[in-house]
Amino acid sequence: MKNISLIIILIALTGSELIAQRVNAYARVTGISGSSLTITNVDESDDTFEVGERLIIMQMQDDVIGGNTNNNSSFGNLASIASAGLFEIRTISAVTETAGIPASITLSGSLVNTYNTGANSRVQIISFPQLGAPDYTTTQDMTTRNWNGNTGGVFAFEVTGILTLNHNISANNSGFRGGNADGTNSGSCNSSTYISAASDRFADKGEGIYTNTNANWIEARGKILTGGGGGNEHNGGGGGGGNYTAGGDGGRGWNCSGVTSAGGLGGIGLSAHISSSRIFLGGGAGGGEGNNNVSSAGGNGGGIIILRANELRTTGTCGQRVISANGQNSGNAGNDGAGGAGAGGSILINVNNWSIAGSCGVLVRSNGGNGGIANTGNAHGGGGGGGQGVVIYSITQPTTNTTTQTQNGNGGCDNNSNPCNSNTSGGGAGTSGSGIIDGATGGPLPIELDYFNAVKLHSAVALEWRTFSEINNDFFTVERSQDGYKWTDIIRINGNGTSVEPNTYNGFDYQPLLGTSYYRLKQTDFDGNFTYHSMHAVSFNRTTSFQVYPNPSKDKITVEGVNNSLDLKIIDLLGKEIDVSIVFNENKSVIDIRNLNQGVYFLVIKDNYTQESIRIIKE
């Protein structure tokens, strides 16, 4: 295990105060070739990418907008989720550097998922350090670097033993970025403009799971996937960001009545796509539109936290420890539109045992932020609330001395009356608390696979795989197919039940098929549920050392290079074995084919490892 250099961040509050520890390195992936990653935007301020250590590769954004690009309310809807949110953990086998900065990284095994690095997509790698030997106790609050459009936003580490939480962990406000406010321009109430270039007429959209490269889509009230839409003229509020649930719509704005609204639309929800293998940063919110320079910007979404340990523990008397990935509240506005709030992020906790002291409880939360208030007497546009994030446990949701929250953010008031004006902006959509997923309802997969390899040897195929962790893992099966459709079991090996230690498995196919065969790994847990993992193709065309002559022949053929430990037979074109006389003599055999009809047959030569077929012709 590497000795990590942990950077202590200093900020000025009333004075310099130690507040947070960061433990991850980041880099943008710009190309993928097999198991080799080309990277740029490398940030090794807090950790480094080293051979033998592990990283997370994650699709942060993808080209998911499809044809939803017209100037109407459908702008920014999801066409296909593609690879957005997919991630996996891999081991580094090689690092190449240019001027001391990593330029490419080779992984020890092939990738399970497909990742897209095009112009409207972003893929990053995040170091996944192992802390402790094997136990680890936090020494200060911990946090992540904010997402900057290429890297950041993800906080992750593992402890193979006991993680004692003596401090808080935060990825608050570290996700997709909120949109800028509009400050000075004004016009009539506008509900019909959903996309616009930078014009100082509308506020900016928030950032979501699609990388926008179109300069004509920066502003106006249409959401852009999980990013909330910006407020329109006149004084529309920004839409809230989305994640597990959708963000709320921004308030209508000044002199917008009835069904007419200048408010930004809330970012979409992704509950149908979220799982232990696909998670997202919280969506950024749209900014508020203004003409008096007192509008406010949209809030950032929450970041991602990935924790793994055999046990999570608190001790002593502390009041409460907090693991948090909340979306950002928007600032209040004056007599202008207020920005929407960011959505909650994603927290994935792969911990087998939960040991929380009654005098030191734990709060795990991924809540949407609250939209900004239009703090003035007349109705303007409050900001939409952020959608809730997600918390995923590998075990049944812990409740002893533990509280879990995934709450929708509130919409901001359109004015400063109490209660709010009837045209208040919307809160995050859905039922608060629905974004909690545990091992009983589809939490983390039974195993985390490092690699699965199928390699041709002289007379067999070597099969090897390794897991980083296992949950209720009963057994593995390796299946083989010649066409990729019909599969046959060839190996079964028992798993290790539940484990956070790496485990390596291997076996052999001693009778591989000639030509190209496909091998895949199947894992089955104790309740019978199973998961398929990566597939590999192996071409096995053994160079024959046998000589067959004469061929064609009328009566007898001789086979040299064989002995009586081999199995020889003649089959016809239908695969039926034909009865013939075979006489062995030292290193050759003579086969009598005089009774065969004229035509094409196959001589099959088989040993303990494999078999091959040689075409023969009876004249």
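Predicted, not measured: the structure shown is a model, and the values here were computed from it. Here the residue numbers are simple positions, counted from 1 along each chain's written sequence. Local features in this predicted model are restricted to residues whose pLDDT is 70 or higher, and side-chain atom pairs enter the listing and the counts only when it is 80 or higher, whereas totals over whole chains, interfaces and linings include all residues. Values shown for side chains rest on all heavy atoms present in the structure; no hydrogens or waters enter the calculation.

Focus: the packing of aromatic side chains
We count it as follows: Ring pairs are drawn from Phe, Tyr and Trp, using the six-membered ring of Trp, whenever the two centres fall within 6.5 Å, and their geometry is named by plane angle: stacked under 30 degrees, edge-to-face over 60, tilted for the rest. Note on geometry: a ring has a charge over it if NZ (lysine) or CZ (arginine) is within 6 Å of the ring centre and within 35 degrees of the ring normal.
Overall, the coordinates contain 10 aromatic pairs when judged by the stated rule. Members of the aromatic cluster, each reached through a chain of ring pairs, are Phe452, Trp465, Phe476 and Tyr505. For the cation-ring pair, arginine 54 lies above phenylalanine 468, with the distance from its terminal atom to the ring centre recorded as 3.5 Å. It is arginine 492 that lies over the ring of phenylalanine 475; its NZ or CZ is 3.6 Å from the centre.

Considering the side chain of threonine 164
Applied cut-off: Helical segments are the DSSP runs of H or I of at least four residues, strand segments are the runs of E of at least two, and each set is numbered from the N terminus. Exposure is judged per residue with a 1.4 Å probe applied to protein chains only, and the accessible area is read against the type maximum: over 50% gives exposed, under 20% gives buried, and values in between give partly exposed. Here, residues are in contact when the closest pair of their heavy atoms is within 4.5 Å.
Note that threonine 164 resides in strand β11 (residues 154-164). Assessed through its relative accessible area of 11%, threonine 164 is described here as buried. In this view, threonine 164 contacts Tyr136, Thr137, Thr138, Arg313 and Thr315; residues no more than four positions away in its chain are not counted.

What to know about unusual backbone geometry
Leaving glycine aside, a negative phi is the common case for residues, and trans is the common case for peptide bonds. Note that the residue after tyrosine 549, namely proline 550, is joined by a cis bond; omega there is -20°. Residue placement: proline 550 occurs in the loop between β26 (547-549) and β27 (556-560). The residue after asparagine 551, namely proline 552, is reached through a cis peptide bond having omega 15°. Tracing the chain through its elements places proline 552 in the loop between β26 and β27. You will see that asparagine 41, though not glycine, has its phi angle at about 50°, which is positive. Residue placement: asparagine 41 occurs in strand β4 (residues 36-43). Residue classification places asparagine 41 among the partly exposed positions, given a relative accessible area of 37%. In this model, asparagine 235 sits at a positive phi of 70°, which is unusual for a non-glycine residue. Mapped onto the elements, asparagine 235 comes out in the loop between β12 (169-170) and β13 (304-313).

Notes on the environment of glycine 240
As for its position among the elements, glycine 240 is in the loop between β12 and β13. A relative accessible area of 0% means that glycine 240 is categorised as buried. A C-alpha to C-alpha distance of 13 Å links glycine 240 and asparagine 326, two positions 86 residues apart in sequence. Leaving out residues up to four positions away in the same chain, glycine 240 has contacts with Gly228, Gly247, Gly248, Gly266, Gly267, Ala285, Gly340, Ala341, Gly384 and Gly385.

Considering the state of the cysteines
Note the cut-off: When two cysteine sulfur atoms lie within 2.5 Å, the pair is treated as a disulfide.
All chains considered together, the criterion is met by 2 disulfides. Bridging cysteine 189 to cysteine 256, the disulfide has an S-S length of 1.8 Å. Disulfide cysteine 189-cysteine 256: the torsion about the S-S bond is 120°, which places it as right-handed. Here the residue cysteine 189 occupies a position in the loop between β12 and β13, and cysteine 256 occupies one in the loop between β12 and β13, the gap between them amounting to 67 residues. The exposure class of cysteine 189 is partly exposed, given its relative accessible area of 26%. Among the residues examined, cysteine 256 registers a relative accessible area of 5% and is labelled buried. Paired by a disulfide, cysteine 318 and cysteine 360 hold their sulfur atoms 1.9 Å apart. Measuring the twist about the S-S bond at about 100°, one finds the cysteine 318-cysteine 360 disulfide to be right-handed. Of the two residues, cysteine 318 is situated in the loop between β13 and β14 (319-324) and cysteine 360 in strand β16 (residues 360-365); the sequence distance between them amounts to 42 residues.

Points about the confidence of the model for the protein chain
Short version of the rule: Note: pLDDT gives the predictor's confidence per residue, expressed from 0 to 100.
Chain-level pLDDT for the protein chain is 88 on average; 91% of the residues reach the 70-or-more range. Residue range residues 1-18 is modelled with pLDDT below 50. Its contacts to residues more than four positions away, or to other chains, number 36 contacts.

With respect to the sheet that holds strand β31 (residues 588-592)
Put simply, the rule is: For two strands to count as paired, DSSP must find a minimum of two bridges between them. Axis angles are defined between N-to-C directions and span 0 to 180 degrees, where every axis is a line fitted to C-alpha atoms and, for a helix, only to the segment in contact.
Read across the sheet, 4 strands follow the order β26-β27-β31-β30 without closing on themselves; strand pairing throughout is antiparallel. Taken across any chain shown, the strands that pair with only one partner, and hence form the sheet edges, are β26 and β30 (581-585). In this sheet, adjacent strand axes meet at a mean angle of 20° when their direction is disregarded. In the sheet, β27 pairs with β31 via 5 bridges, with the strands oriented antiparallel. Bridge assignment links valine 559 to a residue of β31, and that residue is serine 589.

Section: the environment of phenylalanine 584
Residue position: phenylalanine 584 is located in strand β30. Judged by its relative accessible area of 36%, phenylalanine 584 falls in the partly exposed class. It is 86 Å that separates the C-alpha atoms of phenylalanine 584 and arginine 221, two residues lying 363 residues apart in sequence.

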